[in-house]
There are 4 protein chains.
Amino acid sequence: MTIDLESARNLIAGARAAAKERGLKPLTVVVLDAGGHVVAAEREDGSSAKRFDIAYGKAHGAIAMGLGSRALMARAEQQPYFIAAATSAIGGALVPVPGGVLVRDGEGTLLGAVGITGDTSDNDEAAAVAAIEALGLTAQTE
Amino acid sequence: MTIDLESARNLIAGARAAAKERGLKPLTVVVLDAGGHVVAAEREDGSSAKRFDIAYGKAHGAIAMGLGSRALMARAEQQPYFIAAATSAIGGALVPVPGGVLVRDGEGTLLGAVGITGDTSDNDEAAAVAAIEALGLTAQTE
Amino acid sequence: MTIDLESARNLIAGARAAAKERGLKPLTVVVLDAGGHVVAAEREDGSSAKRFDIAYGKAHGAIAMGLGSRALMARAEQQPYFIAAATSAIGGALVPVPGGVLVRDGEGTLLGAVGITGDTSDNDEAAAVAAIEALGLTAQTE
Amino acid sequence: MTIDLESARNLIAGARAAAKERGLKPLTVVVLDAGGHVVAAEREDGSSAKRFDIAYGKAHGAIAMGLGSRALMARAEQQPYFIAAATSAIGGALVPVPGGVLVRDGEGTLLGAVGITGDTSDNDEAAAVAAIEALGLTAQTE
């Protein structure tokens, strides 16, 4: 099982709604399937040129390593050379700050990931978690 | 001026509707702004893993060179080494078959591009053109 | 809207004039449009071989992230792994020290960016700001 | 000896004047020094987003191989795999169609190269040659 397009669209809508409620800056939201491939993406007006790449990097790094990007940040704080090497090894797209969140179903099966950028990393992550939980799914940030 | 998120969503919805009417295979649709950056993307269920990259490459090549991807195919037929070299020079994302269509307003100003992949290249392009024209904009395929 | 060639030439002339007044070392000045693409560039005699790449990286990083390169330096000081990862994610051209300055019009619309290198980063930035303000435009350094 | 900034600016102005006389499409002109590094560049309004990369690739390939890009096209026609391999070997920037012209002084010393793109390759090259000869220098197209 993996995220289908309808779920991906709902995750994006949910994240954008959560961001609007919280008054966040314009976001870019990317949803990947369990294989780390883009299902859907939206960049809000005012979100800068390459924000797709940053959001993608958060989500892709999470899928690649099987950890939310908050855990990748913790590792980067401890062993920056490991994260640098892993980024290179997996082809360049791994952004180790919060906002890349794994999506699991009730039994823990990995369905995909949401990557968000635009506000602070903590707020980016909060919007992703809100969207995932609004669909009755489980968010893994670490 | 460039494509905003609402227009990008409308372009995707229009392309998917046109594809459904025509009975096309599952598509991936990417919309880029005038600078070649992702505004929105959707990959329909059943569209294969890396289709985002193909759709992006069609649209990105079009923006990069200022020509619809059908013109890039014609050039690839005549001078394959030129298209190979241009692809390398611009960083790797240029897919020279129909389905990468420039979007212009009534005065000819470049607003962005739509890239579609999933069915035949001709059908991919037809869905893009239908979506662009449904918004009262001008489609440039060559 | 984006920077046209005449404005880009004026920005370069203004930056070089400001540098001459201040007695700065030979500079390289690059002007990008709102999509992060080169509009014009000049490398003064005595500015070293790859200075185009450095100036481009300052301006390109600013456009990519929507922040002046001084803000990117602050982030690099706090979270070097984030800036390293973002650089990789956006394709390699991001130089996080002052001298990459966003150009906005009176209403805040992003028009492009100026990247300068050759003297100290602070002086590079000052020359960019002087050139931008001399055209009645707004400089965003952070 | 190598092209200085004043000469590079004159080469660009000359190429743009020649293009205007001939009624060519909007051009992008890049001037490199004898080491293959950017001295100056201008992209005319209407010349598409990544034209800098194409113009640079023509001139850089010429400097890299010591031949005008017309000769590189001839080689690409005969041995496309050689040009593909050389492009990869030198880092990706080699565009083997006319418009990358070496600049030599009266004694044959290499001073740099001009790369032009925007119209047909033949017209791109003609504008480069006109600019080089207008300065009393020698153009090498092959």
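In the block above lies the structure referred to throughout.
Quick look at the structure, then. Just so we're clear, the structure is a prediction, and the values are computed from it rather than from any experiment.

## Brief notes about the overall build of chain A
Step number 1: A count of helical and extended segments in chain A gives 5 helices and 5 strands.
Step number 2: Listing each helix as α and each strand as β along chain A from the N terminus yields α-β-β-α-α-α-β-β-α-β.
Step number 3: Its C-alpha atoms give chain A a radius of gyration of 13 Å, within 12% of the compact-globule value 14 Å for 142 residues.
Step number 4: Its C-alpha atoms give chain A principal-axis dimensions of roughly 35 × 35 × 20 Å.
Step number 5: In chain A, buried positions account for 56% of the 142 residues.
Step number 6: In chain A, the share of contacts with a sequence separation of at least 24, taken over all contacts with a separation of at least 6, comes to 65%.
Step number 7: Put simply, chain A has 12 plus and 17 minus side-chain charges, and the middle of one group is 6 Å from the middle of the other.

## Observations concerning the relation of the copies chain C and chain A
Between the two chain copies there is a screw-like relation: a rotation about an axis and a shift along it.
Step number 1: Its rotation angle being 85°, the transformation that places chain C on chain A also includes 0.5 Å of axial translation and leaves an RMSD of 0.1 Å. The transformation relating the two chain copies, once decomposed into turn and shift, fits a four-fold axis. Closest approach to the rotation axis within chain C is made by the C-alpha atom of C:Ala84, at a distance of 5.7 Å.

## Quick look at the interface of chain C and chain A
Step number 1: Counting residues at the interface gives 15 residues for chain C, matched by 16 residues for chain A.
Step number 2: Roughly 1,200 Å² is buried in total at the junction of chain C and chain A, and carbon and sulfur atoms are behind 65% of that figure.
Step number 3: Across the contact surface, chain C and chain A share 0 salt bridges.
Step number 4: The interface formed by chain C and chain A includes 7 residue pairs in polar contact (both at pLDDT 80 or more).
Step number 5: Listed by contribution, the elements that provide at least two residues to the side of chain C that touches chain A are helix H2 (51–65) and helix H4 (80–89) of chain C.
Step number 6: Looking at the side of chain C that touches chain A element by element, the count peaks at 6 residues for H4(C).

## As for the sheet that holds strand S4 (residues 110–117) of chain D
Step number 1: Read across the open sheet, the 10 strands follow the order S5(C)-S3(C)-S4(C)-S1(C)-S2(C)-S2(D)-S1(D)-S4(D)-S3(D)-S5(D); overall the sheet is antiparallel. Strands at the two margins of the open sheet, each flanked by one partner only, are strand S5 (138–140) of chain C together with strand S5 (138–140) of chain D. Averaged over all pairs of adjacent strands, the angle between strand axes in this sheet comes to 20°, irrespective of strand direction.
Step number 2: Docked against the sheet, H2(C) engages strand S1 (28–33), strand S2 (38–43), strand S3 (100–104) and strand S4 (110–117) of chain C together with strand S2 (38–43) of chain D, running at close to 145° with respect to S4(C).

Reading the values: the criteria
- Residues numbered from 1 in each chain as written.
- Chains lettered and ligands numbered in written order.
- Predicted model: local features only at pLDDT ≥ 70, side-chain atom pairs only at ≥ 80, totals over all residues.
- Heavy atoms only, no water.
- Helix = DSSP H or I, 4+ residues; strand = E, 2+ residues; numbered from the N terminus.
- Rg over C-alpha atoms; globule rule 2.2 N^0.38 Å.
- Buried < 20%, exposed > 50% of the residue type's maximum accessible area, 1.4 Å probe, protein only.
- Contact = heavy atoms within 4.5 Å.
- Lys, Arg positive; Asp, Glu negative; His and termini not counted.
- Charge placed at Lys NZ, Arg CZ, Asp CG, Glu CD.
- Least-squares fit on C-alpha atoms with pLDDT ≥ 70 in both.
- Buried area = accessible area lost by both parts, 1.4 Å probe.
- Salt bridge = Lys/Arg side-chain N within 4 Å of Asp/Glu carboxyl O.
- Polar contact = N/O pair within 3.5 Å; in protein donor to acceptor, adjacent residues only side chain to side chain.
- Pairing = 2+ DSSP bridges.
- Axes fitted to C-alpha atoms, helices over the stretch in contact; angles between N-to-C directions.

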